[in-house]
Amino acid sequence: MRLGKYEQEAIAQARVLLEEAGVWDPDNDLSSLVDRFIARTDRQRALDEFRLAVSERCNRIPLGHILGIVEFDELPLVVGSGVFIPRPHSSVIHKWLDGSELAQGARVLDLCAGSGAIGLAIARRRPDLDVTCVEFEQVAVNYLKRNIARLATKNVHVNALQADIRESKAFAHFGEQIGLIVANPPYVPRKMQLQPEWGDHHPTAAVYSGADGLDLIRQITALAITLLISGGWLVIEHGEDQAQVIRKLFGQHQLTEIQTVIDRKSSDATGTSVITIGRLGANDIGVSRNGCTN
Ligand SMILES: C[S@@+](CC[C@H](N)C(=O)[O-])C[C@H]1O[C@@H](n2cnc3c(N)ncnc32)[C@H](O)[C@@H]1O
């Protein structure tokens, strides 16, 4: 297969980089990488892999776990079995961020970060922010760290912290310093039947959270008010039918300017894109639709 000038340049540069990195057989690795990402020379092998992928998808393995990569807010993230596949639903958080008045240089926590999708997308949009992604499951942390290293090459920078949100001591050093806390936590009630992609092929801890699905959201809310600066925001993604309870919960925790934002454009048959926002500060309660707040 004939390669163009740009492909040939990229391959020559890759050979130098692989050698410099100490990879022991750079020619072999380079030919596999070229075959996988630039030009498939073995058509029979490509066809076999395609058929295997289709059969996995028919077994309801999540598409992201089969492809090993998912595009989220223009960021190519590596994913695989054992880590939650980021969903377009979470982009409602970034749309809200774009319209917010979050101060330059503010510290941000992405709690329940999984592969790091939300925190990394925030850092890409706002490189001035100091973002830390928090996750407790080892497999997810491995993907998180890999994505952080991978996207540092695109000048997107965040920190990783392996910690359990239920252990408030692990967060003591952030006390009253955080300008924004975002979270897409597990929020499905324990007994709810889900599509096999989530019910069977995602870790339980990434999906379910107690009898009403709100165990971790309660933990996050209680933790958040100890970490936020005055005027700092808490933004949590959740199920549409949980909005009223969460607004009440926020109100019970000194959070004000409480509003639920529903983004129909990022919703699909698998669920609604919805967040509730609260702030350590002013007073009113509203619900907004399609990204408009009231
Ligand atoms: C719904 S997934 C969301 C992942 C990521 N935010 C995203 O949108 O792709 C929830 C994540 O929370 C993590 N998690 C669950 N319980 C946790 C806890 N107690 N402390 C820290 N992380 C937790 C899970 O391992 C999982 O990665």
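Along each chain, residues carry numbers from 1 onward, in the same order as the chain's sequence is written. Local features are withheld for residues below a pLDDT of 70 in this predicted model, meaning they are given only at 70 or higher, and side-chain atom pairs are given and counted only at 80 or more; totals for whole chains, interfaces and linings count all residues. In computing side-chain values, all of the structure's heavy atoms are included and hydrogens and water are not.

**What about the overall build of the protein chain?**
Link 1 in the chain: Elements are defined by DSSP. Helices are runs of H or I of four residues or more, strands are runs of E of two residues or more, and each kind is numbered from the N terminus. Per the secondary structure count, the protein chain includes eleven helices and ten strands.
Link 2 in the chain: Based on C-alpha atoms, the radius of gyration is set beside the globule rule, defined as 2.2 Å times the residue count to the power 0.38. Computed over its C-alpha atoms, the radius of gyration of the protein chain comes to 21 Å, within 12% of the 19 Å expected for a compact globule of 294 residues.
Link 3 in the chain: Projected onto its principal axes, the C-alpha coordinates of the protein chain cover approximately 65 × 40 × 35 Å.
Link 4 in the chain: Accessible area is worked out with a 1.4 Å probe on protein chains only. A residue is then buried under 20% of its type maximum, exposed over 50%, and partly exposed in between. Scored against the burial criterion, the 294 residues of the protein chain give a buried share of 47%.
Link 5 in the chain: Two residues qualify as a contact provided that any one of their heavy atoms is within 4.5 Å of a heavy atom in the partner residue. Intrachain contacts of the protein chain at a sequence separation of at least 6 include 67% that bridge at least 24 residues.
Link 6 in the chain: Surface accessibility in these figures is a Shrake-Rupley result with a 1.4 Å probe; residues are shielded only by whichever protein chains are displayed. Per element, the accessible surface of the protein chain, about 15600 Å² overall, is 51% carbon and sulfur.
Link 7 in the chain: When charges are counted, Lys and Arg are positive and Asp and Glu negative, with His and the chain ends excluded. To locate a charge, the coordinates of NZ of Lys, CZ of Arg, CG of Asp or CD of Glu are taken. The centroid of the 31 positive side-chain charges in the protein chain is displaced by 3 Å from the centroid of its 36 negative side-chain charges.

**Concerning the environment of G232**
Link 1 in the chain: Within the secondary structure, G232 is located in strand 7 (residues 228-237).
Link 2 in the chain: Judged by its relative accessible area of 1%, G232 falls in the buried class.
Link 3 in the chain: Taking the C-alpha atoms as reference, G232 lies 25 Å from R87; in sequence the two are 145 residues apart.
Link 4 in the chain: Excluding residues that lie within four positions of it along the chain, G232 makes contacts with I178, G179, G278, R279 and L280.

**Looking at the site of the ligand**
Link 1 in the chain: Near the ligand you find 20 residues, and of these C112, E135, D164, N184 and A206 are the closest.
Link 2 in the chain: Between the ligand and C112, the relevant distance is 2.8 Å, taken from a nitrogen atom to a main-chain nitrogen or oxygen of the residue.
Link 3 in the chain: Each polar contact in these results corresponds to two N or O atoms within 3.5 Å; when the atoms are within protein, one needs to be able to donate a hydrogen and the other to accept it, and residues that are neighboring in sequence are counted only if both atoms are side-chain atoms. Here a nitrogen atom of the ligand sits 3.0 Å away from a polar atom, N or O, in the main chain of I165.
Link 4 in the chain: In isolation the ligand offers 600 Å² of accessible surface; the protein chains occlude 97% of this area. If a single non-hydrogen atom of a residue is within 4 Å of a molecule or strand, that residue counts as near it.

**Remarks on helix 7 (residues 138-152)**
Link 1 in the chain: Here helix 7 is 15 residues long and its end C-alpha atoms lie 21 Å apart, about the 21 Å a rise of 1.5 Å per residue gives.
Link 2 in the chain: Where the residues of helix 7 are buried, they touch strand 2 (75-78), helix 6 (117-125), strand 4 (130-135) and strand 5 (159-162). To estimate how far a helix should extend, the number of its residues minus one is multiplied by 1.5 Å.

**Some points on the pairing of strand 1 (residues 69-72)**
Link 1 in the chain: Here strand 1 shows one buried face, formed by V70 and F72, and one open face, formed by I69 and E71.
Link 2 in the chain: Note: strand 1 against strand 2, four bridges, orientation antiparallel. When the sheet's bridge partners are listed, E71 is paired in strand 2 with P76.
Link 3 in the chain: Hairpin connection from strand 1 to strand 2: two residues lie between these consecutive antiparallel strands, with D73 at a positive phi of about 50°. Following DSSP output, two strands are said to pair if at least two bridges run between them.

**Quick word on the domain arrangement of the protein chain**
How big an interface is tends to be reported as the loss of accessible area on association of its parts.
Link 1 in the chain: Assigned domains within the protein chain: domain 1 (5-58) and domain 2 (67-289).
Link 2 in the chain: For domain 1 and domain 2, the distance between their C-alpha centres works out to 34 Å. For each domain, the first and last residues come from an automatic or database assignment.

**Some details on the state of the cysteines**
Link 1 in the chain: Throughout, disulfides are identified as pairs of cysteine sulfur atoms within 2.5 Å of each other. Taken as a whole, this structure holds zero disulfides when the rule is applied.
Link 2 in the chain: Note on C133: no disulfide assigned, nearest cysteine sulfur contributed by C112 at a separation of 11 Å.
Link 3 in the chain: According to the relative accessible area criterion, C133 is buried, its value standing at 0%.

**Focus on the layout of surface pockets**
The rolling of a water-molecule-sized probe over the atoms marks out the regions of remaining empty space.
Link 1 in the chain: Lining residues are those with an atom within 4 Å of a point, where the points come from a 1 Å grid over the protein atoms alone and group into cavities, where a 1.4 Å probe fits but cannot get out, or pockets, open sets with protein on both sides within 12 Å along at least five of seven lines. Grid points are joined across faces, edges and corners, and a volume is the space filled by probe spheres set on the points. When its volume is computed, the second largest pocket comes out at roughly 830 Å³.
Link 2 in the chain: R36, F37, L67, G68 and I69 are, among the 19 residues lining the second largest pocket, the residues nearest its centre.
Link 3 in the chain: Of all the secondary-structure elements, those providing two or more residues to the lining of the second largest pocket are helix 2 (26-37), helix 3 (43-58), helix 4 (63-67) and helix 7.
Link 4 in the chain: In terms of residue count, the dominant contributor to the lining of the second largest pocket is helix 3 (six residues).
Link 5 in the chain: In the lining of the second largest pocket, the residues fall into eleven nonpolar, two polar and six charged. Three residue categories are used. Nonpolar comprises Ala, Val, Leu, Ile, Met, Phe, Trp, Tyr, Cys and Pro, charged comprises Asp, Glu, Lys and Arg, and polar comprises the others, including Gly.

**What about the nonpolar core?**
Link 1 in the chain: Within the largest apolar cluster, 39 residues are counted, with the highest numbers of intra-cluster contacts made by W96, L102, L120, I122, L180, V235 and I275.
Link 2 in the chain: Broken down by element, this core gets its largest block of residues, six residues, from helix 6.
Link 3 in the chain: When sequence neighbours within four positions are dropped, the list of residues in contact with L102 reads L97, V108, R126, L129, G179, L180 and W233.
Link 4 in the chain: Counting 28 residues, the second largest nonpolar core, distinct from the first, contains I165, F171, Y187 and I246. Grouping buried Ala, Val, Leu, Ile, Met, Phe, Trp, Tyr and Cys residues that are joined through side-chain atoms within 4.5 Å yields what is termed a nonpolar core.

**Remarks on the packing of helix 10 (residues 215-227) against helix 11 (residues 243-252)**
Link 1 in the chain: The geometry of helix 10 relative to helix 11 is characterised by a closest axis approach of 10 Å and an angle of 25° between their N-to-C directions. Our classification of the angle between helix 10 and helix 11 gives roughly parallel. When the axes of helix 10 and helix 11 are compared, the crossing they make is right-handed. Between helix 10, through I217, R218 and T221, and helix 11, the contact on the second element is made entirely by I246, L249 and F250.
Link 2 in the chain: Here the contact of helix 10 with helix 11 is built from residues that sort into four nonpolar, one polar and one charged. Lines are fitted to the C-alpha atoms to define the axes, a helix being fitted only along its stretch in contact, and any angle between axes, read from their N-to-C directions, falls within 0 to 180 degrees. For classification, angles of less than 35 degrees are called roughly parallel, those exceeding 145 degrees roughly antiparallel, those between 65 and 115 degrees roughly perpendicular, and all remaining angles oblique. Crossing handedness is defined as follows: a turn of the near helix away from the far one that is anticlockwise and smaller than a right angle gives a left-handed crossing, while the clockwise case is right-handed.

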